Amino acid sequence: MDLLRHLRHFVVVAHELHFGRAADLLGMAQPPLSQSIQRLERELTVELFDRSRRQVRLTTAGELLLGEAEELLAGEGRLRNLMGQIRAGELGVLRAGVPPETPAVTLRALLDGLTTRAPGLDVELHELTTAEQVRMLAERTLDVGLVHHPVAADELRFGAPVDVPLGVLLPRTSPLARGREVALASLAGLDLVAAPRATAPGWHDHLLAVCRQHGWRPTRVRPARNPEFLFGLVLAGGGVAVEPAAVARREPRIAWRPIVDAPLAKRTSAAWPDRSAHPAAPMFGQLAADVLADTEPAPPASAGTSAPAARPWPVLFDTTG
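Residues numbered from 1 in each chain as written. Predicted model: local features only at pLDDT ≥ 70, side-chain atom pairs only at ≥ 80, totals over all residues. Heavy atoms only, no water.

Trainee: Just checking my understanding: could you explain the overall build of the chain for this structure?
Mentor: Of regular secondary structure, the chain possesses 10 helices and 13 strands. In the chain, buried positions account for 45% of the 321 residues. By sequence separation, contacts in the chain at least 24 residues apart represent 75% of the contacts at least 6 residues apart. (Helix = DSSP H or I, 4+ residues; strand = E, 2+ residues; numbered from the N terminus. Buried < 20%, exposed > 50% of the residue type's maximum accessible area, 1.4 Å probe, protein only. Contact = heavy atoms within 4.5 Å.)

Written as structure tokens, this is what we have:
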């Protein structure tokens, strides 16, 4: 028996004390309503209404049941609302990963946006490389992450990507810093300072492939996991890095110059499991795209740099599938 349905019928009749009016309110005919009340009475083995007079009255059992039924139905409503919030990703715990180099302003905007959109959601933010995120997403120990493409993982779904133009980081004292832009071929004989391949294999291989295509084969690749170490290697001479303009703003002795023909852009997007995904993952993905687009300013046009191109920054891979 659908007890809750019969209790809903009972509550309306108990308030109206008239089967005809109650049937109208419930949008049903009177005979099925009477049958519903009779079935409830048989199930509970009590009479809920005194039908011996012209006016319908509640019995003692009916009066006691009314309060209990209203509380039970209110609880059902709260339960359904709670489950609806969970399905919508507005409650629970979201385990999210972000790259170690993510700027503080981006993290703040992302967390503020999550608080605004889903104040009941508990976000566990983890500092993880792309490779670590891909592995943990596959193991289901992470719900969603921000990864650098290209990523070879058929079991993942990706959010809207954001492309950030890349340029060359070099000491301000370098002769190359005197120009408005730098050709990759002009970096011949220099090392490339970059994150270790293990952190994002797809991106690392893509970066080296583009450098070779444009006439620069780095003498060697010098790994740097954090910006401070990267700056130290670049300032020591003999090596340059290829990074977004925002990275250079952390170190006044470092100059950023756009690359001729803009052949490189770092593509970042949210990623989450294709099946049984956390309900909040798509929301996180869209929010991340909005935040990245807002917090990654275009390179400034100044005496030492050129204005950004009006066309979209090109990439040599596609993640839209």
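Trainee: Teacher, can you tell me more about helix H5 (residues 104–117) here?
Mentor: Turn by turn, an α-helix covers 3.6 residues, leaving residues three or four places apart pointing in a common direction. Spanning 14 residues, H5 covers 20 Å between terminal C-alpha atoms, matching the ideal 20 Å at 1.5 Å per step. Buried within H5 are the following residues: Thr106, Leu110, Gly113 and Leu114. Seen from one end, H5 has its buried residues packed into an arc of 100 degrees, which puts them on one side. Facing away from the buried side of H5 by more than 90 degrees, the exposed set consists of Ala104, Val105, Arg108, Thr115 and Thr116. Buried residues belonging to H5 abut strand S3 (92–98), strand S4 (121–127) and helix H10 (281–295). (Expected span 1.5 Å × (residues − 1). Arc of directions from axis to C-beta.)

Trainee: I keep staring at the sheet that holds strand S9 (residues 191–194) and nothing clicks. Help me out?
Mentor: Strand pairing in a sheet relies on backbone hydrogen bonds, with the paired strands running either antiparallel or parallel. Taken together, the five strands give an open sheet; going across it, the order is S10-S9-S11-S8-S12, and neighbouring strands pair in mixed fashion. Among the strands making up the open sheet, the edge pair consists of strand S10 (221–223) and strand S12 (254–258). On average, each strand axis in the sheet is tilted by 35 degrees relative to the strand beside it, whichever way the strands run. The strands touched by helix H7 (residues 201–213) are S9, S10 and strand S11 (239–243); relative to S9, the strand with the most contacts, the crossing angle is about 155 degrees. Contacts from helix H8 (residues 227–235) reach strand S8 (167–171), S9, S10, S11 and S12, with the element oriented near 65 degrees to S8. (Pairing = 2+ DSSP bridges. Axes fitted to C-alpha atoms, helices over the stretch in contact; angles between N-to-C directions.)

Trainee: Is there a simple way to think about the environment of Glu70 in this case?
Mentor: Following the sequence through the fold, Glu70 ends up in helix H4 (residues 60–87). Using a relative accessible area of 33% as the deciding quantity, one classes Glu70 as partly exposed. For Glu70 and Phe10, which are 60 residues apart along the polypeptide, the C-alpha to C-alpha distance reads 9.9 Å. Apart from the residues within four sequence positions on either side, Glu70 is in contact with Val11 and His15.

Trainee: Would you explain unusual backbone geometry in this entry?
Mentor: Only a minority of non-glycine residues have a phi that is not negative, and only a minority of peptide bonds are not trans. The omega angle of the peptide bond from His149 to Pro150 is 5 degrees, so this bond is cis rather than trans. Turning to its location among the elements, Pro150 is positioned in the loop between strand S5 (144–148) and strand S6 (156–158). At Leu17, a position not held by glycine, the phi torsion is positive, near 50 degrees. With relative accessibility at 29%, the residue Leu17 sits in the partly exposed group. The backbone of Arg140 sits at a positive phi, close to 60 degrees, despite the residue not being glycine. By the secondary structure assignment, Arg140 is in the loop between helix H6 (130–139) and S5. Residue Arg140 is classed as partly exposed on the basis of its relative accessible area, which comes to 39%.

Trainee: I tried to follow the pattern of salt bridges on my own but got confused; where do I start?
Mentor: A full pass over the atoms with the stated rule returns 14 salt bridges. Arg135 serves as the salt-bridge partner of Glu139, at 3.4 Å between the closest nitrogen and oxygen. Of this pair, Glu139 and Arg135 both sit in helix H6, four residues apart, which is roughly one turn of the helix. Take Glu139: its relative accessible area is 45%, and that puts it in the partly exposed class. (Salt bridge = Lys/Arg side-chain N within 4 Å of Asp/Glu carboxyl O.)

Trainee: Would you explain helix H2 (residues 19–26) in this entry?
Mentor: Regarding H2, the residues found buried are Phe19, Gly20, Ala22 and Ala23. Buried residues in H2, looked at end-on, bunch into an arc of 165 degrees, giving them a common side. Exposed residues pointing more than 90 degrees away from the buried face of H2 are listed as Asp24 and Leu25. Note on H2: the residue one or two positions beyond its end, Gly27, has a positive phi of about 70 degrees.

Trainee: In this structure, what is going on with the packing of helix H1 (residues 3–16) against H2? I would like to understand it.
Mentor: When two helices pack together, their arrangement is given by the angle between their axes and by how far apart the axes lie. Look at H1 against H2: their axes get within 8 Å of each other, and the N-to-C directions meet at 130 degrees. The angle between the axes of H1 and H2 places the two elements in the oblique class. Seen from above, H1 lies across H2 with right-handed handedness. Counted together, His9, Val12, Val13 and Glu16 of H1 and Phe19, Arg21, Ala22, Leu25 and Leu26 of H2 form the full contact between these two elements. Partitioning the contact of H1 with H2 into residue classes produces six nonpolar, one polar and two charged. (Parallel < 35°, antiparallel > 145°, perpendicular 65-115°, else oblique. Left-handed = near helix turned anticlockwise from the far one by under 90°. Nonpolar A, V, L, I, M, F, W, Y, C, P; charged D, E, K, R; others polar.)

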